[in-house]
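Structural characterization, general
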Amino acid sequence: MQNTLFIGGGNMAYAILGGLIRSGVPASTFHVIDPSPESAAKMTELKVHCTVDWPSNFKAEVVVLAVKPQVMQSVLNSQAAHMGNMLIVSIAAGVSIAQIQTWSLQNNARVVRCMPNTPALVSQGISGLYFTGNCTETDRSTAHQIFSSCGEVVVLNTEDEINAVTAISGSGPGYVFFLMEALAQAAQNLGFNEAQANLLVNQTFLGAATLAKQSDDSFATLREKVTSKGGTTFAGLEQLRALGVSEAIQSAAKAACDRAMELQHQT
């Protein structure tokens, strides 16, 4: 693993660093720049040094941009002098490779755009990666190691696919929590207390997801296997179909993708 500097020490940086360190990469391989005392405290937990400015005693070969999209330009402008000949990895939604290269004054920079998601916090994330054409095999291996430490990795063919990944797996946990919230409320409506409802829903989603991942069956086949004609699941699914739930979820993903594209034009 190459020496890697993170600009930004928020939750996603903490999740990625935690995954890498748990996988056996020494904490001394990393450094974080973040002025926030909260971020510094989190990095202390991981035994990763965190400073306000670019460190003079840490030779970085990779820089991970983990700041919000709206401050990306100012951050890259201020740090451009330090970033020559580095692999640049961005986890910011809506900031294009062209913008990263322009703002960092590195027109031929080797850039990886990545869209991880919040389950990375428990090493169950999924990240979409897109590489510029000048990224080396070492660059690809490094990026793979960074993000596979906290979940699965999908390599994308075009930069535009980042917006689609944002809509599905980036925003997807929000859709899942929305469904979990609704099912937990249904459980309480049927007489369970909050703790019981949460346990029933948490284990149902965890079990179903684990079964789906370990099975060779399609989602449709798995659904059919739990559905008896005229049974309880059949009755519930018929109501979901009548209310257009499948179409609503697909519409939500389309709206998220459209918004990701809008953000890219606004930054």
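Residues numbered from 1 in each chain as written. Predicted model: local features only at pLDDT ≥ 70, side-chain atom pairs only at ≥ 80, totals over all residues. Heavy atoms only, no water.

Considering the overall build of the protein chain
Looking only at helices and strands, the protein chain features 11 helices and eight strands. By principal-axis analysis of the C-alpha atoms, the protein chain measures approximately 70 × 35 × 30 Å. Taking all contacts inside the protein chain whose residues are at least 6 apart in sequence as the whole, residues at least 24 apart take part in 61%. Total accessible area on the protein chain is roughly 14600 Å²; 56% of this is exposed by carbon and sulfur atoms. Side chains of the protein chain give 15 positive and 20 negative charges; the mean places of these two sets differ by 2 Å. (Helix = DSSP H or I, 4+ residues; strand = E, 2+ residues; numbered from the N terminus. Contact = heavy atoms within 4.5 Å. Areas by Shrake-Rupley, 256 points an atom, 1.4 Å probe, with all protein chains shown as cover. Lys, Arg positive; Asp, Glu negative; His and termini not counted. Charge placed at Lys NZ, Arg CZ, Asp CG, Glu CD.)

Here we look at the nonpolar core
Formed by 31 residues in total, the largest nonpolar core has its most connected members in Phe-6, Ile-16, Val-112, Leu-129 and Phe-147. Every element with two or more residues in this core is listed here: α1 (11-22), β2 (30-33), α2 (37-46), β4 (62-65), β5 (87-90), β6 (110-115), β7 (125-131) and α5 (137-148). Sort the elements by how many residues they give to this core and α1 lands first, with six residues. With residues near it in sequence (within four places) discarded, Ile-16 still touches Phe-6, Ile-91, Ile-146, Phe-147, Ser-149 and Cys-150. With 27 residues, the next largest nonpolar core counts Leu-65, Met-72, Met-83 and Met-86 among its residues. (Core = buried A, V, L, I, M, F, W, Y, C linked by side-chain atoms within 4.5 Å. Buried < 20%, exposed > 50% of the residue type's maximum accessible area, 1.4 Å probe, protein only.)

What to know about a nonpolar patch on the surface
Where nonpolar side chains cluster on the molecular surface, the patch consists of Phe-178, Leu-179 and Ile-249 and spans about 300 Å² of accessible area. Within the fold, Leu-179 resides in helix α7 (residues 172-189). Residue Leu-179 is classed as partly exposed on the basis of its relative accessible area, which comes to 38%. (Patch = residues over 30% accessible without salt bridge, like charges linked within 9 Å, V, L, I, M, F, W, Y side chains within 5 Å. Salt bridge = Lys/Arg side-chain N within 4 Å of Asp/Glu carboxyl O.)

Overview of the packing of helix α6 (residues 161-170) against α7
One can describe the packing of α6 onto α7 by two numbers: an axis separation of 5 Å at closest approach and a directional angle of 25°. Here α6 lies roughly parallel to α7, going by the angle between them. Contacts between α6 and α7 involve Ala-167, Ile-168, Ser-169 and Gly-170 from the former and Gly-172, Pro-173 and Tyr-175 from the latter. Looking at the contact of α6 with α7, its residues break down into four nonpolar, three polar and no charged. (Axes fitted to C-alpha atoms, helices over the stretch in contact; angles between N-to-C directions. Parallel < 35°, antiparallel > 145°, perpendicular 65-115°, else oblique. Nonpolar A, V, L, I, M, F, W, Y, C, P; charged D, E, K, R; others polar.)

Examining the layout of surface pockets
One number sums up the size of the second largest pocket: a volume of about 620 Å³. For the second largest pocket, the lining is made up of 27 residues, of which Ala-66, Val-67, Lys-68, Pro-69 and Ile-91 are closest to its centre. Where the lining of the second largest pocket is concerned, the elements lending two or more residues are α1 and α3 (72-79). Tallied by class, residues from the lining of the second largest pocket come to 16 nonpolar, nine polar and two charged. (1 Å grid on protein atoms, 1.4 Å probe; cavity = no way out; pocket = protein on both sides within 12 Å on 5 of 7 lines; lining within 4 Å. Points joined across faces, edges and corners; volume = space filled by probe spheres on them.)

Some words on the side chain of Arg-110
Among the structural elements, Arg-110 can be located in strand β6. In terms of polar contacts, Arg-110 uses its side chain to reach the side chain of Asp-139, at 2.8 Å. The residues touching Arg-110, leaving out its near neighbours within four places in the chain, are Asn-85, Met-86, Leu-87, Ile-88, Thr-132, Asn-134, Cys-135 and Asp-139. (Polar contact = N/O pair within 3.5 Å; in protein donor to acceptor, adjacent residues only side chain to side chain.)

A short note on the sheet that holds β6
Reading across the sheet, the eight strands line up as β3-β2-β1-β4-β5-β6-β7-β8 and stay open at both edges, with mixed pairing between neighbours. Across the chains shown, the open sheet's two edge strands, defined by having one partner strand only, are β3 (49-51) and β8 (151-155). Taking the axes of each pair of neighbouring strands and ignoring which way they run, one obtains an average angle of 25° across the sheet. Sheet topology places β2 next to β3; three bridges connect them, and they run parallel. Looking across to β3, one finds that Ile-33 is bridged to Thr-51. (Pairing = 2+ DSSP bridges.)

Function cannot be read off these values alone, since they describe shape.
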